[in-house]
Amino acid sequence: MMNSVFKVIIGIFLLTVLSAQSTRAATFSLDFNEPTTITPMISYTSASGTVQENLVGSDLVDSFYKSPWDNTSTPDEEFTAVRRNSTAVYEFSETYTNVSFLWGSVDANQMIGFFLGDTAVDFLNSNDVLDAGATEGDGFVQIAILAAAFDTIKFMSPNNSFEIANLSVSAVPLPAALPLYAAGILVLGWVGRMRRVKR
């Protein structure tokens, strides 16, 4: 009887762990309100193609990038533009699960890749952001992305410039219930073992 209960509890624990892992797939939320805080931009670690940092204001004639700060009360804030056929790579010394930034003029087929070491662990395509309500090629959106654990982010733009500002990363802890499940399993395992020893 104790063996059956123990197996059921282990099954519930494994399902909980698996469901916790599946919630860490790249999901996102959008906020179309103006940012209330301004975070200095993090410098990219490496790049291919043309990546311009510390830009202020839009240039729709020569360089064709649009500031994510346009139409805000702080239009002179800095941003980074990942130009056509270019990639900006941001490497971190720690592992994170959450990234947020101000995305200017979302364009189709832009990609954000999440990597742990050299292994791709997650991604987000701008088409999903457009499907969720962002206006293509115009305005800005604040985006918060929850991804699998990563230490590298790649912003990739095959066509128009990918403009980003207010970039921030953070770690999201495991669900609080997981340590309780683990403690419960350990206690039940110990009780079962003690019963077997007494026989």
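Attention here is on the structure that accompanies the text. Bear in mind that the values here come from a model prediction, so they are computed numbers and not experimental data. (Residues numbered from 1 in each chain as written. Predicted model: local features only at pLDDT ≥ 70, side-chain atom pairs only at ≥ 80, totals over all residues. Heavy atoms only, no water.)

### Things to note about the side chain of Asp122
Next up, step 1: You can see Asp122 is positioned in strand β7 (residues 119–125).
Next up, step 2: Here the side chain of Asp122 touches Ala26 through a polar contact of 2.9 Å, landing on its backbone nitrogen.
Next up, step 3: Within the local environment of Asp122, its side chain forms a polar contact with the backbone nitrogen of Ala148, the two atoms lying 3.0 Å apart. (Helix = DSSP H or I, 4+ residues; strand = E, 2+ residues; numbered from the N terminus. Polar contact = N/O pair within 3.5 Å; in protein donor to acceptor, adjacent residues only side chain to side chain.)

### Details of the pattern of salt bridges
Where charged atoms of side chains with opposite charge meet at close range, the side chains can pair.
Next up, step 1: Evaluated as defined, the whole model comprises one salt bridge.
Next up, step 2: Across the pair Lys66 and Asp138 runs a salt bridge, and its minimum N-O distance is 3.1 Å. Taken together, the positions of Lys66 in the loop between β3 (51–55) and β4 (79–82) and Asp138 in the loop between α2 (126–131) and β8 (140–157) put the pair 72 residues apart, joining distant regions of the chain.
Next up, step 3: Under the relative-accessibility criterion, Lys66 is labelled buried at 15%. (Salt bridge = Lys/Arg side-chain N within 4 Å of Asp/Glu carboxyl O. Buried < 20%, exposed > 50% of the residue type's maximum accessible area, 1.4 Å probe, protein only.)

### As for the pairing of strand β6 (residues 111–116)
Next up, step 1: In this sheet, β7 lies alongside β6 in antiparallel orientation, the contact comprising six bridges. Bridging across to β7, Ile112 finds its partner in Leu124.
Next up, step 2: Where β6 folds back onto β7 in an antiparallel hairpin, the turn is made up of two residues, including Gly117, whose phi is positive at roughly 65 degrees.
Next up, step 3: In this structure, β6 lies alongside β8, joined through five bridges in antiparallel fashion. (Pairing = 2+ DSSP bridges.)

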